[in-house]
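# Overview (structure and organization)
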Amino acid sequence: MAFQLIDRRLNGKHKSAVNRQRFLRRYRKHIKEAVADAVNKRSITDTDRGDEISIPRKDVSEPQFRHGHGGRQQRILPGNKEFITGDRIARPSGGGGGSGGGNASDSGEGMDEFVFELSQQEFLDFMFEDLELPNLTKKQLKDADAYKLVRGGYTSEGLPARLNIVQSLRGAQARRIALGGAIRRQIRTLKEELDAVALQAGCEARVREIKSELERLQRRLNQIPFLDDFDLRYNNFIQQPVPTSSAVMFCLMDVSGSMTQEIKNIAKRFFILLHLFLKRNYKKIDVVFIRHHTIASEVDEEEFFYSRETGGTVVSSALRMMEQIVRERYPANDWNIYAAQASDGENWSDDSPQCRDLLQGSILPNVQHYAYVEINSGNDQELWHAYEEIQEKFPDNFAMKKVSDSSDIFPVFHDLFEKKSV
Amino acid sequence: MSKRKPIAEGSEWSFKDVEAYETELARVAERYRLDTYPNQIEIISAEQMMDAYSSTGMPVGYHHWSFGKQFLSTEQQYRRGHIGLAYELVINSNPCISYLMEENTLTLQALVIAHACFGHNSFFKGNYLFKTWTDASAIVDYLLFAKKYVAECEERHGVEATESLLDSCHALMNYGVDRFRRPASISAEDETRRQHEREEFLQAQVNDLWRTIPTKKKAKVEEWPKFPPEPQENLLYFIEKNAPILEPWEREIVRIVRKITQYFYPQRQTKVMNEGWATFWHYTLLHTLYDEGLVTDGFMLEFLQSHTNVIYQPAFDSPHFSGINPYTLGYAMFTDIRRICEQPTDEDKRFFPDIAGSDWLDTLHHAMANYKDESFILQFLSPKIIRDLKLFGIVDDDKEKEIEISVIHDDNGYRQIREELAEQYNLSAQEPNIQVQEVDLRGDRSLTIRHLQHDRIPLDEDSAKEVMKHLHHLWHFDVHLESMQEESVTARYICDDDSTRNVTGEETSPAEIV
């Protein structure tokens, strides 16, 4: 009997990948809601993983005609212990007496939520879906220093080190076949004639003639060179400009006495979201943390979020510092610069106009995007008014939003980076 | 004790071992006259098994979100450890494809080869339902065609349109099979009548052209023939042939879903027999190998443990209870048929005069080939099994306050239990009986379907409303559903362009003014 044993383990195992995508697409709306919920519920440090998502089971059900409860239902069951015919027993609580066949499990009596796992990638996709980084293209081809060499076919001139042997010999063989074809054909016909004539008497002259002709042709054939200069092919490389794929993200935060740890946590969520989002677009991201009260200082992440400071607030000190760091370390034509500023909106009253001038004059022309988040549920303050003027002048790369508690963060982030219709 | 020369030892399997077991099992199976398609055994990983699960075991299938949903839920349950995956999955095709999980131990591989490659395989080849309804050599090609066709439709008409069409077809899937083949021959009288009806029908259509011209009052409304002339149980077939404005590609997709459902219909009708047959044979084949000294005692212990798990039947009040285990019932019945043949008791002689004392192998093959679950149980469920499983019957009547124990495993009850259990495996009684009743050709083209209640059991309203939306999607005109108790309508639903409404008690649907 014919029998086959096949090892399929090496075949692709994601046969259902398409169907899985179909499912995700169909329930996009549900999943997005669940993802937004999950983002807000999560602790600050682990936004970077997948999650379990649950959807109400009735929304994913596939309806079929089914029997309902009621009527007269008969059923045979195994495992009788003490019943005898005619016994009457109370209906078990929670539902009628069984649903007929054995198909009850599928009809959704067990769980009322359909739960499944999203991978980290899918999770982030849903999280950042329909968001985009504004002005992403601005710097892309500007950076003249970055080139990479890519293969660009073959040339007939080049450095010996780049000689492509296979291509060269292939060309040579083609040339030899092409040039020698006619001669070989002549040789073939002459040889046939020779075979025919050699046996006949009185044709010695012709035989000699043919032989000398054959010799001549053979000589010509041998003169075709095995490899000619003409055949040589060299690998060709061309230079392609590489888009700048590095970005720097400035986190600016007010750490004056009015900023409580809670407000900082809200700010931190915003910074983390921005960082994750940038990571999806750039290979390499530097993060610069600048905190300020009346004086600004560049600090590491830990200090940025957790150390306590007190005192007044001079926002322009941080902006000045940022400007200086950009000038020294992140020249605007090499880097994509993003900045996010979080504050409770308080500022030294004379300082706000200065901030406005700094942003307008030297910062905004150089950055891809500047986002300002004010964590404050009270009235607008001076800084807000000053920034409003800026927003009018730089609608493309300046954005500002107010946030009152941590559940606003994701929606606000979403608003800030929503894809603008073209 | 005789010297044992085992085929292989240890618990890790290798390709050589699997082949060796297949060869030995094939030799033994032939002795028991198991006639099989050629075997194609494929080793797959757990993930691939989940893939196979989610496409109901089809080796290729068209794309649809519901398969993705199935996959996600299987994956989730498997990860949490709620379910283990099956050791094998077998496809009714020629050659017969069996998937074996790489994680199985050597003993398990031998068990599943015996179970799937010889048990299920011979059942697919021998049982009359499979012979009548399925073409094992063509199924893989057909599935491939279906997949390509659906993909093409997605390209041409959009994924969404195709997917929602498939949704609708899936909702009616269980009503896409021919349960009872109607006899092809009809009497000459009927034929004449039909011919007459057809003529009338044609005439009526011609008249229809003139309908817009004002007629004199005296012209009576023409008597229109009822359409369809007889109720139709195959809803999808009816739609494929008669839906007024489906496009050709849509009809083809309806047909694809219908064909595939029809292909798997015999499997649903023979769950108990098929599993019982396969379980009986893995038990018998492996014991034969043991008797020949080809497997070790350790092998048998591991095998028996798995076997016992497979045929475990929790009692009705156990938290693990989820209906009668088809493996248990089927295995018990085939084993008992053999016992009745070989060592009949007086009781057996009374109940089974035909088979008591006959050749067991002949009887078993006969039973396998010529029955489906319903008739198999009706014919072969013996009092001994009823006693062993302690089967009893209940009646849950919504007119009574309590549930009544109608029958138990005693002398008076055997036959009744047998009949009621057989009925429990009658698919057409387990699903609501729904038929196409009428199309209002003269009026709004609405489609009326009728649910015939059995023992006053109603339809589940929520799901019925949803399904009607799908039916409307295919029919494109209003759909009416009447739930009938005897001769009277107890519930009536109408599905129009916007919604499905329960209109029970409201007066007269247009379909009734005839």
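Residues numbered from 1 in each chain as written. Chains lettered and ligands numbered in written order. Predicted model: local features only at pLDDT ≥ 70, side-chain atom pairs only at ≥ 80, totals over all residues.

Moving on, we get to the overall build of chain B. Looking only at helices and strands, chain B has 20 helices and 10 strands in total. Sorting the 514 residues of chain B into buried and exposed places 43% on the buried side. Of the contacts made within chain B by residues no fewer than 6 positions apart, 70% connect residues no fewer than 24 positions apart. (Helix = DSSP H or I, 4+ residues; strand = E, 2+ residues; numbered from the N terminus. Buried ≥ 20, exposed ≤ 12 C-beta atoms within 10 Å, placed from the backbone. Contact = placed C-beta atoms within 7 Å.)

This brings us to the overall build of chain A. A tally of helices and strands in chain A yields 12 helices and 13 strands. For chain A, buried positions account for 27% of its 422 residues. Long-range pairs, those at least 24 residues apart, make up 83% of the contacts in chain A between residues at least 6 apart in sequence.

Here we come to the domain arrangement of chain B. You can read the domains of chain B as domain 1 (15-127 + 270-306), domain 2 (311-428) and domain 3 (431-512). Placing the centre of domain 2 of chain B and that of domain 3 of chain B at their C-alpha centroids yields a distance of 37 Å. (Domains from an automatic or database assignment.)

What follows covers the sheet that holds strand β10 (residues 296-299) of chain A. All names here are of chain A. One open sheet holds the 6 strands; their spatial order is β10-β9-β8-β11-β12-β13, and the pairing between them is mixed. The open sheet has two edge strands with one neighbour each: β10 and β13 (398-403). Adjacent strand axes in the sheet meet at a mean angle of 20° when their direction is disregarded. Bridge analysis of strand β9 (residues 284-292) against β10 gives 4 bridges, and the strand direction is antiparallel. Looking across to β10, one finds that Ile 290 is bridged to Glu 298. Seen against the sheet, helix α12 (residues 409-417) touches β12 (369-375) and β13 and runs at an angle of roughly 160° to β13. (Pairing = 2+ DSSP bridges. Axes fitted to C-alpha atoms, helices over the stretch in contact; angles between N-to-C directions.)

Each side of the interface is counted separately: chain B has 79 residues, and chain A has 56 residues. Per-element tally for the side of chain B that touches chain A: the top contributor is helix α3 (residues 65-80) of chain B, with 9 residues. Split into classes, the residues belonging to the side of chain B that touches chain A amount to 34 nonpolar, 24 polar and 21 charged. Bridge count between strand β1 (residues 3-7) of chain A and strand β1 (residues 39-44) of chain B: 5 bridges; the pairing is parallel. Following the sheet pairing, Gln 4 of chain A is matched in β1 of chain B by Gln 40 of chain B. (Nonpolar A, V, L, I, M, F, W, Y, C, P; charged D, E, K, R; others polar.)

A word on the nonpolar core. Judged by nonpolar contacts, the single largest core of 110 residues is most densely connected at Ile 113, Ala 114, Leu 285, Leu 286 and Ile 337 of chain B. Considering each element in turn, this core owes the most residues, 12 residues, to helix α4 (residues 106-126) of chain B. Counting residues in each nonpolar core, the second largest holds 54 residues, with Ile 290, Val 315, Leu 319 and Ala 371 of chain A among its members. (Core = buried A, V, L, I, M, F, W, Y, C linked by C-beta atoms within 7 Å.)

The next point concerns helix α10 (residues 351-363) of chain A. All names here are of chain A. Where α10 is concerned, the buried positions are Asp 351, Ser 352, Cys 355, Arg 356, Leu 359 and Ile 363. Relative to the axis of α10, the buried residues are bounded by an arc of 150° and lie together on one face. Contacts from the buried residues of α10 go to α9 (315-329) and α11 (382-393). (Arc of directions from axis to C-beta.)

Moving on, we come to the packing of helix α5 (residues 165-198) of chain A against helix α6 (residues 204-223) of chain A. Between two packed helices, the angle of one axis relative to the other and the distance separating the axes together describe the packing. Residues and elements named next belong to chain A. Orientation of α5 relative to α6, taken along the N-to-C sense of each, is 160°, at an axis distance of 10 Å. Between α5 and α6, the angle is such that the two are roughly antiparallel. Here α5 and α6 pass one another in a crossing that is left-handed. Within the contact between the two elements, α5 uses Gly 180, Ile 183, Arg 184, Gln 186, Ile 187, Leu 190, Glu 193, Leu 194, Val 197 and Ala 198 and α6 uses Arg 206, Val 207, Ile 210, Glu 213, Leu 214, Leu 217, Arg 220 and Leu 221. Classifying every residue of the contact of α5 with α6 by side-chain character gives 11 nonpolar, 2 polar and 5 charged. (Parallel < 35°, antiparallel > 145°, perpendicular 65-115°, else oblique. Left-handed = near helix turned anticlockwise from the far one by under 90°.)

This next bit is on α12 of chain A. Residue and element names in this part refer to chain A. Burial in α12 covers these residues: Ile 409, Phe 413, Leu 416 and Phe 417. End-on, the buried residues of α12 take up no more than an arc of 80°, which puts them together on one face. The inward-facing, buried residues of α12 abut α7 (261-281), β12 and β13.

Before going further, it helps to examine the domain arrangement of chain A. On domain assignment, one finds that chain A holds domain 1 (18-60 + 113-129), domain 2 (160-237) and domain 3 (246-417). Measuring from the centre of the C-alpha atoms in domain 1 of chain A to the corresponding centre in domain 2 of chain A gives 71 Å.

This part takes up the confidence of the model for chain A. Residues and elements named next belong to chain A. When the pLDDT values of chain A are averaged, the result is 79; 86% of them are 70 or greater. A low-confidence stretch, residues 95-110 stays under pLDDT 50, and its non-local contacts, those more than four residues away or across chains, total 23 contacts. In this model, residues 140-144 is a region of pLDDT below 50 whose contacts with residues beyond four sequence positions or in other chains number 8 contacts. (pLDDT = per-residue confidence, 0-100.)

What follows covers the pairing of strand β11 (residues 336-343) of chain A. Residues and elements named next belong to chain A. Taken across its 8 residues, β11 has 8 buried, putting it largely inside the fold. Of the pairings in the sheet, the one linking strand β8 (residues 246-254) to β11 comprises 7 bridges and is parallel in character. Among the inter-strand pairings, Leu 252 is bridged to a residue of β11, identified as Gln 341. As paired strands, β11 and β12 are joined by 6 bridges and run parallel to one another. Pairing of Ala 342 across the sheet is with Val 373, part of β12. At this point the chain moves from β11, through α10, to the parallel β12, and the crossover so formed is right-handed. (Right-handed = clockwise from strand over helix to strand, strands pointing away.)

To continue, consider the confidence of the model for chain B. Should pLDDT be low for a region, the predicted coordinates there are not to be read in detail. Residue and element names in this part refer to chain B. Across chain B, the average pLDDT comes to 85, with 88% of residues at 70 or higher. In the model, residues 182-188 has pLDDT below 50 throughout and makes 1 contact with residues more than four positions away in sequence or in other chains. Below pLDDT 50 for its whole length, residues 215-220 participates in 0 contacts with residues either more than four positions away or in separate chains. Confidence estimates for the predicted assembly give a pTM of 0.71 and an ipTM of 0.79.

Next up on the list: the packing of helix α6 (residues 139-157) of chain B against helix α10 (residues 248-269) of chain B. Residue and element names in this part refer to chain B. At a minimum axis distance of 11 Å, the contact between α6 and α10 shows a crossing angle of 150°. Put simply, α6 runs roughly antiparallel to α10. Like other packed secondary-structure pairs, α6 and α10 cross with a definite hand, here left-handed. Between α6, through Ile 139, Tyr 142, Ala 146, Tyr 149, Val 150, Cys 153 and His 157, and α10, the contact on the second element is made entirely by Trp 249, Glu 252, Ile 253, Ile 256, Lys 259, Ile 260 and Tyr 263. Grouping the amino acids of the contact of α6 with α10 by side-chain chemistry returns 11 nonpolar, 1 polar and 2 charged.

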